[in-house]
Amino acid sequence: MISRRDMLKRSGAALAGLAAVPGAWQRLDGGPRNQSAASGQDLTRHVDPFVGTGQHGHTFPGAQVPFGMVQLSPDNGENGWDWSSGYHWSSDRIAGFSHTHLSGTGIGDMYDILFMPAFTSGPPLRDLSSSFSHEQERASPGYYSVELLTSGIIAELTATKRVGVHRYAYPQSPPRTMPSIVVDLGHTLNWDRPTNTLITIESPTSISGHRMSTGWAPDQRIYFAASFSRPFGSHWLVSEWAQPAQRNQLEGERVKGCFQFLP
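Nothing here was measured: the structure is a model prediction, and the numbers come from that model.

Procedures and definitions
For every chain, the first residue of the written sequence is number 1, and numbering continues from 1 along that sequence. The predicted nature of this model means local features are confined to residues of pLDDT at least 70 and side-chain atom pairs, given and counted, to a pLDDT of 80 or more, with totals for whole chains, interfaces and linings taken over all residues. Side-chain measures here rest on the full set of heavy atoms in the structure, leaving out hydrogens and waters. When a carboxyl oxygen of Asp or Glu lies within 4 Å of a side-chain nitrogen of Lys or Arg, that pair is called a salt bridge. Accessible area is worked out with a 1.4 Å probe on protein chains only. A residue is then buried under 20% of its type maximum, exposed over 50%, and partly exposed in between. Numbered from the N terminus, helices here are DSSP runs of H or I no shorter than four residues, and strands are runs of E no shorter than two. Should any heavy atoms of two residues lie within 4.5 Å, those residues are considered in contact. A pair of strands is considered paired only if DSSP assigns at least 2 bridges between the two. Each Phe, Tyr or Trp ring, with Trp reduced to its six-membered ring, pairs with another whose centre is within 6.5 Å; inter-plane angles below 30 degrees give stacked pairs, above 60 give edge-to-face pairs, and intermediate values give tilted ones. Here a polar contact is taken to be a pair of N or O atoms separated by no more than 3.5 Å, where protein atoms must pair a possible hydrogen donor with a possible acceptor and residues adjacent in sequence count only if both atoms sit in side chains.

In this section: the pattern of salt bridges. Using the criterion set out here, one finds 5 salt bridges in the structure. One salt bridge connects Arg221 with Asp219, and the closest N-O pair in it is separated by 3.0 Å. The partly exposed category is assigned to Arg221, whose relative accessible area is 40%. Given a relative accessible area of 37%, Asp219 falls into the partly exposed group. With a closest N to O distance of 3.9 Å, Arg254 and Glu253 form a salt bridge. Overall, the relative accessible area of 31% leaves Arg254 in the partly exposed class. A cluster of three or more residues bridged by salt bridges with shared partners is formed by Asp112, Asp192 and Arg211.

Glancing now at the side chain of Ser145. Here Ser145 lies in strand β8 (residues 143-148). Filtering out sequence-adjacent residues up to four positions away, Ser145 remains in contact with Gln136, Glu137, Arg138, Ala155 and Glu156.

What follows is about the pairing of strand β7 (residues 137-140). Pairing between β7 and β8: 4 bridges, direction antiparallel. What sits directly across from Glu137, in β8, is Val146.

Enumeration over the complete set of coordinates arrives at 8 aromatic pairs. Note on Phe50 and Trp89: the rings are 5.4 Å apart at their centroids and 75° apart in plane angle, and the pair reads as edge-to-face. Of the two residues, Phe50 sits in the loop between β1 (12-20) and β2 (73-75) while Trp89 sits in the loop between β2 and β3 (93-94), which places them 39 residues apart along the sequence. Residue classification places Trp89 among the partly exposed residues on the basis of a relative accessible area of 38%. Here Phe119 and Tyr170 contribute two aromatic rings whose centre-to-centre distance is 5.8 Å and whose plane-to-plane angle is 70°, an arrangement assigned as edge-to-face. In this pair, Phe119 is assigned in strand β5 (residues 114-120) and Tyr170 in the loop between β10 (163-169) and β11 (178-184), connecting sequence segments 51 residues apart.

All right, on to the side chain of His101 then. By secondary structure assignment, the location of His101 is in the loop between β4 (96-98) and β5. We classify His101 as buried; its relative accessible area is 4%. Polar contacts involving the side chain of His101 include one to the main-chain carbonyl oxygen of Gln71, which spans 2.7 Å. Side-chain polar atoms of His101 contact the side chain of Asp75, separated by 2.7 Å. Discounting chain neighbours no more than four positions away, the residues touching His101 are Phe60, Gln71, Ser73, Pro74, Asp75, Ser85, Met110 and Tyr111.

Of note in this structure, His58 is not a glycine but carries a positive phi near 60°. Within the secondary structure, His58 sits in the loop between β1 and β2. The backbone of Asn190 sits at a positive phi, close to 55°, despite the residue not being glycine. Following the sequence through the fold, Asn190 ends up in the loop between β11 and β12 (193-203).

Read these as geometric descriptors, not functional statements.
Spelled out as structure tokens, the structure:
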């Protein structure tokens, strides 16, 4: 007989992601989800996703549905036991939004398939993390939003059973830059270490790939497909050994992709 712990440590998962650039979008969590059958009362108003994100709670505030395959949440980009979930209330920076997290465990693993909206002028070689304020941060069951103060971009996240959904609202582009989405498969925190990553350009609106890693789970395998709401005009793929280029596929230990969109 295999235990639940052993099963999780050996299992792989398929991950589908949808990243959207500006457009009319009502909250995809649909507002209240959990209502009393007797009164129709909204019970989600009693839920605060930020509970446990301070002290040693090890929880994350992002979007997921019960027993869902994805847990879409911000990562501060900091290492340490208090950042086991990727997020801690004491931080004032966001490195991006990854699709898998553990909540309340104290185990520093997961953080797969990191997306980060930004303004870029070329390949993603610099640090794209952003400052943020809790005053511009919101979370409710199945929904999270924050303003990235460095760029002025507003990010919104929600999730279905198997899909993480992003919406990014970009202000006017700074000179010589374009609104972009960076997909960083080499992003790592705490115990987690990537061993093999891949990005494939399927079309001007879709990409796919995988992220293999080791950590608390010694052989974790995550596969993903992502669709954009509009075609990207240019892109670069780069890794620890390959220079940035507009190639259609790249495999390596830490592959990163940058996708630029016309304003």
